[in-house]
Amino acid sequence: MNTRLPSFKAYDIRGTVPDQINPDLVYRAARAFAEGSKADEIIVGRDARLSSPSLAEAVINGLIDSGVTVWDVGLVSTPILNFAVARHRRHGMMITASHNPKEYHGIKLIDPSAEQIYYGRGLEALEALVVANRFATTGRRGRVILTPMLQEYQDDLYASFRDAGLGALSVVVDCSNGVGGLPLGVLERLGMRCMLLNHVPDGSFPHHGCDTLRPENLQELQQSVRDQRADLGVMFDGDADRVVFVDERGSITPIDRIFVLLARQELERQKGRVFYDLRFSRAVQEEIEAAGGVPVTLRVGNPFYKEALHRHNDGLLAGELSGHIMYKEHFCVDDALFAALKLMRVLAQSGQPLSSLLRPLERYAGSGELRIRSDNPQRLVDSIKQRYRDAEISELDGVTVRYPEWWMNLRSSNTEPVAKLVMEADSTDRLERERRDVFALLEQSGGRVE
């Protein structure tokens, strides 16, 4: 029977330090990645967490012992690491725990196309090598090349947005004391008025957590936007691959409505496919079709969105409810700063406040994502599928139930004993009525709404 390690998750290696993630584990992971990828050169970057230096040292030692030449790009965001990987066509290892609390750490493994290696796409084979802890001898040692990448990345962003007319905008950016503040000098080059919050990297996250989905983490940004009378507030997570926005009133904006604005912008330039999270509002499909695009829903998990953009020549952009947004033109990687600059271009060209642009999209009543605790989440999914069997049913991810007036999706979490529920209806009254019935069924099936 295959031995599973608690740190090997669905999409990356991640866990608590030092019991699940430690120098020994990441050293073996580096040896396994070198052996599995057969790469001669691998790019290594790290985030600002307190254990990053020791883990980076162990990773680099593992690669050197495997005969690999290491491009050490140092302290970077995940988008900068992915940019380096895609631009220079090398494998990559990003030492980060992304949006997780400070006691976590991990590694994202990237192939030369900047696609993630996940469980089902090679991560399981690397896990087996780590468990066996037997690695081939190469007869040679690798070496380290210090390779700063920040300037090249900033130059690329400047070239993409120098004609966007962003100089009149006032923006507040909260970097969560992660690494998202490192490249923000490009905003000054673009002539913007910008106030930075928590932009100095500090792995203790002294001001607030780095999870963009927790409203309490956005309170400082919201207040600053109001105080500064700014046009936009932007928050990055710990490694700056997720983003969330605050409008000029200081209100948190739903990412699916933001995605509509971004999709329209791309579809004005060219027509093609737009990939989006199956949990997004029905308004997303309607607006993409109205703009002449082809809407394509995908299951949850940002690696699948990158794959879709790579596989389809007419793919334009993709977005996930968690705030991962990626563009074909930008190597198909999820880059919070690139997405933010795209939204700033929308604002600059429209001359309207963000709240005014989003208001027409507020035509459905939504529940947001709700957590249902259960010792058997799949049983909850099965009960919904049976109860609503007369509906239009999709099993792309969990079960999606569609009626003309309302819909819902219920799926099992990959990492905890929880099912996650999203509902939307034509009216608040209809949403509340259907929600009561769904909650009653879930509780009868052993679920508990958190």
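Above this text sits the structure in question.
Okay, so let's go over this structure. (Residues numbered from 1 in each chain as written. Predicted model: local features only at pLDDT ≥ 70, side-chain atom pairs only at ≥ 80, totals over all residues. Heavy atoms only, no water.)

Comments concerning the overall build of the chain
And step 1. In terms of helices and strands, the chain carries 14 helices and 21 strands.
And step 2. Relative to the globule expectation of 22 Å for 450 residues, the C-alpha radius of gyration of the chain, 22 Å, shows essentially globular dimensions.
And step 3. Burial status across the chain gives 58% buried among its 450 residues.
And step 4. Taking as baseline every contact in the chain between residues at least 6 positions apart, the subset at least 24 positions apart corresponds to 68%.
And step 5. For the chain, the accessible surface area stands at approximately 18300 Å², while carbon and sulfur atoms represent 46% of it.
And step 6. Side-chain charges in the chain split into 55 positive and 63 negative, and the spacing between the mean points of these groups amounts to 2 Å. (Helix = DSSP H or I, 4+ residues; strand = E, 2+ residues; numbered from the N terminus. Rg over C-alpha atoms; globule rule 2.2 N^0.38 Å. Buried < 20%, exposed > 50% of the residue type's maximum accessible area, 1.4 Å probe, protein only. Contact = heavy atoms within 4.5 Å. Areas by Shrake-Rupley, 256 points an atom, 1.4 Å probe, with all protein chains shown as cover. Lys, Arg positive; Asp, Glu negative; His and termini not counted. Charge placed at Lys NZ, Arg CZ, Asp CG, Glu CD.)

Remarks on the nonpolar core
And step 1. V234, F236 and M344 are the most contacted members of the largest nonpolar core, which has 66 residues in total.
And step 2. With 10 residues, helix 11 (residues 336–350) is the largest single contributor of residues to this core.
And step 3. In this view, V234 contacts V171, V172, V173, D174, L221, V243, V244, F245, A340 and M344; residues no more than four positions away in its chain are not counted.
And step 4. Counting residues in each nonpolar core, the second largest holds 31 residues, with V26, A56, A58 and V68 among its members. (Core = buried A, V, L, I, M, F, W, Y, C linked by side-chain atoms within 4.5 Å.)

What to know about the pattern of salt bridges
And step 1. Here the structure, examined in full by the defined rule, presents 41 salt bridges.
And step 2. A salt bridge links R214 to E216; the nearest nitrogen and oxygen atoms lie 3.9 Å apart.
And step 3. E216 gets classed as partly exposed once you look at its relative accessible area, which sits at 43%.
And step 4. Taking the shortest distance from any N to any O, the salt bridge between E362 and R257 comes out at 4.0 Å. Highlighted residues: E362 in the loop between helix 12 (354–358) and strand 15 (365–366) and R257 in helix 8 (residues 255–269), separated in sequence by 105 residues. (Salt bridge = Lys/Arg side-chain N within 4 Å of Asp/Glu carboxyl O.)

Observations concerning unusual backbone geometry
And step 1. Each neighbour pair has its own omega, and for V17 with P18 the value is 5°, a cis peptide bond.
And step 2. Unusually for a residue other than glycine, N198 sits at a positive phi of about 50°.
And step 3. The topology assignment puts N198 in the loop between strand 8 (193–197) and helix 7 (219–228).
And step 4. At A240, a position not held by glycine, the phi torsion is positive, near 65°.
And step 5. Looking at the secondary structure, you find A240 in the loop between strand 9 (232–236) and strand 10 (243–246).

Side note on the pairing of strand 5 (residues 104–110)
And step 1. In terms of residue burial, strand 5 counts as a mostly covered element, since 6 of its 7 residues are buried.
And step 2. Alignment of strand 1 (residues 13–16) against strand 5, held across 4 bridges, turns out to be antiparallel. Bridge pairing links I13 to I107 in strand 5.
And step 3. Judged from the 4 bridges that link them, strand 4 (residues 91–95) and strand 5 form a sheet pairing that is antiparallel. Looking at strand 5, one finds that M94 is bridged to K108. (Pairing = 2+ DSSP bridges.)

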